Every structure is written in structure tokens, then in C-alpha cells.
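Understanding the architecture of this molecule
So the chains spell out like this:
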Amino acid sequence: FLWENIAHEVDGEEDGGPLELEMPGTPKQWVVFLVTAPIVIPLWLTVPDVRREGRDWLYPLTWTLAILWIAVFSYFMVWWAMLLGDAAGLSPSIMGVTFLAAGTSIPDLITSVIVARQGYGDMAVSSSIGSNIFDILIGLPVPWLLHNLLIDKVEVIGESLLTSVLILILMLGS
């Protein structure tokens, strides 16, 4: 399974210090480098690496820039999904509910499986619930607030919004 390979790689890794961009040697390393370069290089150029000597005090800036980069990457991900959906004749809501929701949940699944296999079941559950809480409390309202302040009012249409909120409250209460 994919997560077994990833868990094996994670188990063998140490936090070896700051990120160093090195030229790949093997064809497989070149493929990985070329696929990840559009994400890694802008991050490497703009986000201070707090693992470097004397830069640990930059962690608030690093955190803020990381969140901003997530917003930028998310914008492009949604835009490209809408373009693909239009090309395939699928509505934006179908693309969002199926492809984007599933695609953004896969990293949570992989990390939860890895930590659960390492014996940290509580961490796996906390991660899956915590990421959704972050999405609800920060990921949705902050962009909506900015849009309301800078552009125009955001209208949220949800027939089952009350039910969803009640289920979230019950999850948090249990």
C-alpha cells in the first residue's frame, strides 16, 4: 500500500536540518524534482526556513507565509478544477464535492494511517478532526470576511446548513 511505503520512508527520516535544493542524480529523482519544483522553489525562495541557525525567531513570519501560500495554491487548485469541470461538462459543485474534497482529504488519510500504525491513534483522530475544524473556523470565514470587506457580500446558500453545524457541534462535544 502507498501509506506503508510512506510510513517506511518517514520512519527512516530524521529532521536533518534546513531544506537544501540539490540537483537530482537519477531519472526517478529528476521526475520527482520536476513535479515538485513549481511548489518547492517558490516556498524555498519566499518562506524563511526556521531550522537554519539563528532563524528560529522567524517562526511567526514562516507560519503566516505558509498560510498565504496555502491560500494561493488553493485558489489555483479550485480554478483548475473548474476549468477541467467545464471541459468535462461537470458543474462546479460536483467538482468540489467529489474531486476537490476527496483530493484534499487524501493527505489527511495518509498521515492518519502513518501515525496510527506507529501507535498514536489519538493523534490520528485529532488530525482528522482538527483539519476539519481549521477549515470551518479559518479556511471558510477568513476568505469570506476578506471578500465582504474588499469586494461584495458573500451569500451562503445551504439547505442543510443547520444540520451540518449541529453534527459538527455533536462531534466536538463527544
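Residues numbered from 1 in each chain as written. Predicted model: local features only at pLDDT ≥ 70, side-chain atom pairs only at ≥ 80, totals over all residues. Heavy atoms only, no water.

**Some points on the overall build of the chain**
- What the chain contains, in helices and strands, is seven helices and zero strands.
- Reading the secondary structure of the chain in the N-to-C direction produces α-α-α-α-α-α-α.
- Considering only residue pairs separated by 6 or more positions, the chain has 42% of its internal contacts joining residues 24 or more positions apart. (Helix = DSSP H or I, 4+ residues; strand = E, 2+ residues; numbered from the N terminus. Contact = heavy atoms within 4.5 Å.)

**Examining helix 4 (residues 92-117)**
- An ideal rise of 1.5 Å per residue puts 38 Å on 26 residues; helix 4 measures up with 36 Å between its terminal C-alpha atoms.
- Maximal helix bending in helix 4 amounts to about 30 degrees, located at A102.
- Residues M95, L100, I110, S112, V113, I114 and V115 constitute the buried set of helix 4.
- In the segment just after helix 4, G119 is the residue with positive phi, at about 95 degrees. (Expected span 1.5 Å × (residues − 1). Bend = angle between axes of the 7 residues up to and from the residue. Buried < 20%, exposed > 50% of the residue type's maximum accessible area, 1.4 Å probe, protein only.)

**Overview of the environment of V50**
- Mapping V50 onto the fold places it in the loop between helix 2 (27-46) and helix 3 (59-88).
- On the accessibility criterion, V50 (29% relative accessible area) is partly exposed.
- The contact partners of V50, leaving out residues within four places of it in the chain, are R55, D56, L58, Y59 and T62.

**Notes on the side chain of T62**
- Mapped onto the secondary structure, T62 falls in helix 3.
- Look at T62 and you get buried, because its relative accessible area is 16%.
- From its side chain, T62 meets the backbone oxygen of P48 in a polar contact 2.8 Å long.
- T62 has contacts with V47, P48 and V50, leaving out every residue within four places of it along the chain. (Polar contact = N/O pair within 3.5 Å; in protein donor to acceptor, adjacent residues only side chain to side chain.)

**As for the packing of helix 4 against helix 5 (residues 121-139)**
- Between helix 4 and helix 5, the least distance of the axes is 7 Å, while the angle of their chain directions is 165 degrees. In terms of axis orientation, helix 4 runs roughly antiparallel to helix 5. Classified by chirality, the crossing of helix 5 by helix 4 is right-handed. Along the contact surface, helix 4 presents D108, T111, S112, V115 and A116, while helix 5 presents G121, M123, A124, S127, S128 and S131.
- Within the contact of helix 4 with helix 5, the residues separate by chemical class into four nonpolar, six polar and one charged. (Axes fitted to C-alpha atoms, helices over the stretch in contact; angles between N-to-C directions. Parallel < 35°, antiparallel > 145°, perpendicular 65-115°, else oblique. Left-handed = near helix turned anticlockwise from the far one by under 90°. Nonpolar A, V, L, I, M, F, W, Y, C, P; charged D, E, K, R; others polar.)

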